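Structural description and commentary
One-letter residues, chain by chain:
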Amino acid sequence: MKLLIVGARSKTVEAVLRLLRRRRSSWEVLLLSHRWAEPMNIHGYPVHVIPAYDRQPLRNACLSWEPEVILNAAALTDVDACEQERNLAWRVNVGIVEVLAGVCRILGSHLLQLSSDYVFDGNAGPYPETARPSPLNYYGRTKLAAENLCLAAAPSVTILRTTQIYGTPAPWAEDVLRWALARVRRGEHIPAAVDVFTNPIFVDDLARALLCAAEHREEGIFHVAGDMWLSRYEFLRRAFQAAGLDASVLIPLPAEELYRGRAPRPLRSGLCCERARQRWRFVPTPFEEALPLALYRNQAAGSSGEITL
Ligand SMILES: NC(=O)c1ccc[n+]([C@@H]2O[C@H](COP(=O)([O-])OP(=O)(O)OC[C@H]3O[C@@H](n4cnc5c(N)ncnc54)[C@H](OP(=O)(O)O)[C@@H]3O)[C@@H](O)[C@H]2O)c1
């Protein structure tokens, strides 16, 4: 099978490629990125650059390679940046999808689009696939617009919605645990929301689900998430406990205070994964097992940037 991947340096794609390599997969992969940067080769797969994912070069690259499946993992995922830089957020989160859906229409390829529990307002999570989206912030609006575009324009599409991703070993990508551990090492305190809930997903579980989706090419919306629904604060408290760190460096705050002047966050978010469990036998790694592995991966690495919890 020919799999074209957009968003090569995302944490999600690193996990997908690691899994393909571990399975000794015979799939042909074409990896696209929007800029020249390290690494230019991920787990033996070379990265090809389409500067800024300009529409025509992106379209040409896809059309000339004729993939059976296109996985789009590219997105501006910083929720506050999306609120401030709306044109850029729309261009990346929706514009790329428009090109890919058009390519899929011409080639008859399957589109695999990643989406988010931020398409919901957070009043009644965790949400099943049948729940009605109602995004609170601009990031969520772009992700919902991309979903609707895929469903309307691509001939065959899987939309895979997921939750907060953690546990990447990729030093070039951001990870919430790595960021928090680095701050603690610097002696800093970490404000964390006590009333923002989701069920975070271990990045390896997301990769497994994506390969299932690529193999089955099943139509429609699927939810994949972790097995533990908890607040941002509780997530980090448990991580610190597991790492043997003093959790008193965490400052529990209500979202109203923590996100004042920033993009609003859905409070009771998260996803129910019944459909993925039934169709793909998707079962997430238990949180208690995934957390130590994620912490181990992050022990040696430094933080790659600022993250707002
Ligand atoms: N992170 C989460 O917790 C989370 C939660 C729910 C859903 N999701 C969704 O899951 C997908 C993957 O998320 P992720 O966290 O794995 O992604 P990520 O690590 O934040 O990486 C996103 C990728 O998008 C591309 N990108 C970023 N800024 C760009 C720009 N200005 N112009 C063009 N391309 C740009 C980059 O890939 P290249 O450099 O290779 O082009 C980047 O590596 C996204 O669709 C996201 O919305 C993420």
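Counting starts from 1 at the beginning of each chain's written sequence and moves along it residue by residue. For a predicted model such as this one, the threshold for reporting local features is a pLDDT of at least 70, and the threshold for listing and counting side-chain atom pairs is 80 or more; totals across whole chains, interfaces and linings nevertheless cover every residue. Water and hydrogen atoms were dropped before computing side-chain values, which therefore reflect all heavy atoms in the structure.

Thoughts on the site of the ligand
We count it as follows: If even one non-hydrogen atom of a residue comes within 4 Å of a molecule or strand, that residue is called near it. As used in this structure description, the phrase polar contact means that two N or O atoms lie within 3.5 Å; if the pair is within protein, one of them must be able to donate a hydrogen and the other to accept it, and residues adjacent in sequence are counted only when both atoms belong to side chains. All accessible areas in this document rest on Shrake-Rupley with a 1.4 Å probe, and a residue is counted as covered only by the protein chains that are shown. Runs of E in the DSSP output that reach at least two residues are strands. Runs of H or I that reach at least four are helices, and both are numbered from the N terminus. Any residue outside Ala, Val, Leu, Ile, Met, Phe, Trp, Tyr, Cys, Pro, Asp, Glu, Lys and Arg is labelled polar, Gly included; the first ten of those are nonpolar and the last four are charged.
Near the ligand, the surroundings consist of 25 residues, among which T12, H34, Y53, Y139 and K143 are the closest. Contacts to the ligand include K11, whose side-chain N or O atom sits 2.8 Å from an oxygen atom. Surface burial for the ligand is 87%, taken as the share of its 890 Å² of free accessible area covered by protein chains. Broken down by element, the shell around the ligand gets its largest block of residues, three residues, from strand β6 (residues 110–116). Of the residues that constitute the shell around the ligand, the class distribution is eleven nonpolar, eleven polar and three charged.

Considering the sheet that holds strand β2 (residues 28–33)
Quick note on the threshold: Two strands pair under a simple rule: DSSP has to find at least two bridges between them.
Read across the open sheet, the eight strands follow the order β3-β4-β2-β1-β5-β6-β7-β12; overall the sheet is mixed. Unpaired on one side and paired on the other, β3 (41–42) and β12 (220–224) mark the two borders of the sheet. Here two bridges tie β3 to strand β4 (residues 45–49), and the two strands are oriented antiparallel to one another. Along β4, the bridge assignment pairs N41 with P46.

Examining the packing of helix α6 (residues 176–185) against helix α11 (residues 287–299)
We count it as follows: Throughout, an axis means a line fitted to C-alpha atoms (over the contacting stretch in the case of helices), and angles, computed between N-to-C directions, take values from 0 to 180 degrees. For classification purposes, angles smaller than 35 degrees are called roughly parallel, those larger than 145 roughly antiparallel, those between 65 and 115 roughly perpendicular, and all remaining angles oblique. Crossing handedness is defined as follows: a turn of the near helix away from the far one that is anticlockwise and smaller than a right angle gives a left-handed crossing, while the clockwise case is right-handed. Throughout, a contact is declared for two residues whenever any of their heavy atoms are within 4.5 Å.
It is the contact of α6 with α11, at a shortest axis distance of 9 Å, that shows an interaxial angle of 60°. Taken as axis vectors, α6 and α11 run oblique relative to one another. Considering only the axes of α6 and α11, their crossing is right-handed. Residue-level inspection shows L177, R178, L181 and R185 of α6 in contact with α11, the latter providing L291, A294, L295, N298 and Q299.

A closer look at the domain arrangement of the protein chain
This is how the line gets drawn: Where each domain begins and ends is defined by an automated method or by a domain database. Buried area: the accessible area, evaluated with a 1.4 Å probe, that two parts lose upon being put together, summed over both parts. Between Lys or Arg on one side and Asp or Glu on the other, a salt bridge is scored when a side-chain nitrogen of the former is within 4 Å of a carboxyl oxygen of the latter.
Taken domain by domain, the protein chain consists of domain 1 (2–165 + 201–224) and domain 2 (172–199 + 228–268 + 286–299). On a C-alpha basis, the centroid separation for the pair domain 1 and domain 2 is 25 Å. Each partner contributes residues to the interface: domain 1 has 28 residues there, and domain 2 has 19 residues. Buried area between domain 1 and domain 2, both sides added, is near 2000 Å², and the carbon and sulfur share of it is 54%. Taken as a group, D80, Q164 and F202 account for 28% of the area that domain 1 buries against domain 2, more than any other trio of residues on that side. At the junction of domain 1 and domain 2, the tally comes to three salt bridges. Residues D80 and R265 are paired through a salt bridge, measuring 2.9 Å at the closest nitrogen-oxygen approach. Taken together, the links from domain 1 to domain 2 amount to eleven residue pairs in polar contact (both at pLDDT 80 or more).

Some remarks on the environment of L19
If you trace the backbone, L19 turns up in helix α1 (residues 11–22). For L19 and R260, which are 241 residues apart along the polypeptide, the C-alpha to C-alpha distance reads 40 Å. Apart from residues lying up to four places away in sequence, L19 is in contact with A207, R208 and L211.

Focus on unusual backbone geometry
What counts is decided by this rule: Note on exposure labels: buried denotes an accessible area under 20% of the residue type's maximum, exposed denotes more than 50%, and partly exposed covers the range between, all computed with a 1.4 Å probe on protein chains only.
Here the amide bond leading from E38 into P39 is cis, since omega sits at -5°, within 30 degrees of zero. With respect to the helices, strands and loops of the structure, P39 is situated in the loop between β2 and β3. Cis geometry marks the peptide bond from G125 to P126, where omega comes out at 0°. Mapped onto the fold, P126 is located in the loop between β6 and α5 (138–153). One non-glycine residue, H43, lies in the positive phi region at around 50°. With respect to the helices, strands and loops of the structure, H43 is situated in the loop between β3 and β4. Given a relative accessible area of 23%, H43 falls into the partly exposed group.

A word on the environment of S134
In this fold, S134 is placed in the loop between β6 and α5. Under the relative-accessibility criterion, S134 is labelled partly exposed at 35%. Through-space distance from the C-alpha of S134 to that of E219 is 22 Å; in sequence the pair is 85 residues apart. Once you skip the residues sitting within four places of it in the chain, S134 turns out to touch V119, F120 and D121.

Side note on the packing of helix α2 (residues 55–65) against helix α4 (residues 86–107)
At their nearest, the axes of α2 and α4 sit 10 Å apart, and the two run at 35° to each other. With respect to the hand of their crossing, α2 and α4 are arranged in right-handed fashion. The segment α2 lies against α4, with R55, L58, R59, C62 and L63 engaging G95, I96, E98, V99, L100, V103, I106 and L107. The class makeup of the residues in the contact of α2 with α4 is nine nonpolar, one polar and three charged.

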